[in-house]
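Read off the chains here:
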Amino acid sequence: MKTSRIITSETHGAQREQQAELMIFGTPKERLDFYRREIQYETSLLAGRTNAYLTAQSFLVIAYASSMANSNEDWGAVFTLVVPALFTLLGIISSLHAWPGIRASATIIEHWHYKQEQLLRSDPEFGHAYDDSPLFSEQEASRESTYKSLLFFLRSPWLFIVFWSALGVFSIWLQLPSANL
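Chemist: Explain the pattern of salt bridges here, please?
Modeler: Enumeration according to the criterion identifies 2 salt bridges in this entry. Across the salt bridge formed by Lys29 and Asp33, the nearest N and O atoms sit 2.8 Å from each other. Here Lys29 pairs with Asp33, and both are found in helix 2 (residues 28-68), just 4 residues apart, close to one helical turn. On the accessibility criterion, Asp33 (26% relative accessible area) is partly exposed. Put simply, Glu117 and Arg121 hold a salt bridge, and the shortest N to O gap is 3.0 Å. Separated by 4 residues within a single helix, Glu117 and Arg121 lie in helix 3 (residues 76-122), roughly one turn from each other.

Shown next as structure tokens:
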């Protein structure tokens, strides 16, 4: 059995999209609530990822410092040359692995903030609270301020990569002359 479609103008397709959106979101308030829930969910995900990452990094720093303090006469020099370098490598690798998840969460948060901003801009009456003051100021709702608020999360892995690289070079420079290889 063949089915046929009636070809209509683009406006009919746009109207159908708007009707579909109205079925999902009954009101702009429901849409705003949805965007805010998504932002809150992704922000807590990002905070959790960053928290786990920073906790792992702090344990690595403690292990690195402990391994540098080894003063055993027989094998301490070789130990303090090899083990801190391995901790350095582990710190760099874990930072590189943490970066994609942190970046993905930040990108999703930026997306939902953008959708929220567009919603508030598209309906000026909805964007004002009961007392005629805007729900968000221009500075709060800008993409630049959203990006700035995410910079700590985005910079953390790269700062630790630089930190671990400097520690790795330092430990090798410090211990290589005394390693007695």
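Chemist: Looking at this model, I keep getting lost on the UniProt feature "transmembrane region" (unreviewed entry) in the protein chain. Mind explaining?
Modeler: Within the UniProt annotation, "transmembrane region" (unreviewed entry) is assigned to residues 46-65, 77-99 and 158-176. As annotated, residues 46-65 has a helix share of 100% and a strand share of 0%, and its two end C-alpha atoms lie 28 Å apart. The distance separating the terminal C-alpha atoms of residues 77-99 is 34 Å; by composition the span is 100% helix and 0% strand.

Chemist: Would you mind going over the environment of Leu89 with me for this structure?
Modeler: Within the secondary structure, Leu89 is located in helix 3. The exposure class of Leu89 is partly exposed, given its relative accessible area of 47%. Taking the C-alpha atoms as reference, Leu89 lies 7.6 Å from Trp164; in sequence the two are 75 residues apart.

Chemist: Just to check I follow, could you spell out the environment of Asp123 for this structure?
Modeler: The residue Asp123 is located in the loop between helix 3 and helix 4 (138-141) in this model. Put simply, Asp123 and Pro28 are 95 residues apart on the chain and 8.4 Å apart in space, counted from C-alpha to C-alpha.

Chemist: It is not clear to me how the packing of aromatic side chains should be interpreted in this structure. Could you clarify?
Modeler: How two aromatic rings sit relative to each other is given by the distance of their centres and the angle of their planes. Under the defined criterion, the tally for this structure stands at 10 aromatic pairs. Taken together, a centroid distance of 5.5 Å and an interplanar angle of 40° make the contact between Tyr35 and Trp112 tilted. Taken together, the positions of Tyr35 in helix 2 and Trp112 in helix 3 put the pair 77 residues apart, joining distant regions of the chain. For the pair shown, Tyr35 and Trp112 are each scored as buried. With centroids separated by 5.5 Å and ring planes inclined at 65°, the aromatic side chains of Phe163 and Trp164 adopt a geometry described as edge-to-face. Relative accessible area serves as the criterion here: at 34%, Phe163 is assigned to the partly exposed category. These aromatic residues form a ring-pair network of at least three members: Tyr53, Tyr64, Phe160, Phe163 and Trp164.

Chemist: Help me out: how do you make sense of the nonpolar core in this one?
Modeler: A general tendency of soluble globular proteins is for nonpolar side chains to be buried together. By size, the foremost hydrophobic cluster in this structure holds 16 residues, and its most contacted members are Leu46, Tyr64, Ile102, Leu150, Phe153, Leu154 and Trp164. For this core, the secondary structure elements donating two or more residues are helix 2, helix 3 and helix 5 (143-175). Ignoring any residue separated from it by four or fewer positions in sequence, one finds Leu154 in contact with Trp99, Ile102, Arg103, Ala106 and Tyr147. Core analysis: the next-biggest nonpolar cluster, separate from the first, contains 6 residues, Leu32, Tyr35, Trp112 and Leu120 among them.

Chemist: Hey, could you run me through the environment of Phe87 in this one?
Modeler: The residue Phe87 is located in helix 3 in this model. In this structure Phe87 comes out as partly exposed when scored by relative accessible area, which is 22%. Linking Phe87 and Ser67, residues 20 residues apart in sequence, is a C-alpha distance of 9.1 Å. Residues in contact with Phe87, not counting those within four places in the same chain, are Leu60, Ala63, Tyr64, Ser67 and Trp164.

Scoring rules and cut-offs
Residues numbered from 1 in each chain as written. Predicted model: local features only at pLDDT ≥ 70, side-chain atom pairs only at ≥ 80, totals over all residues. Heavy atoms only, no water. Salt bridge = Lys/Arg side-chain N within 4 Å of Asp/Glu carboxyl O. Helix = DSSP H or I, 4+ residues; strand = E, 2+ residues; numbered from the N terminus. Buried < 20%, exposed > 50% of the residue type's maximum accessible area, 1.4 Å probe, protein only. UniProt positions renumbered as here; feature names shortened; annotations may be inferred. Phe/Tyr/Trp six-rings, centres within 6.5 Å; stacked < 30°, edge-to-face > 60°. Core = buried A, V, L, I, M, F, W, Y, C linked by side-chain atoms within 4.5 Å. Contact = heavy atoms within 4.5 Å.

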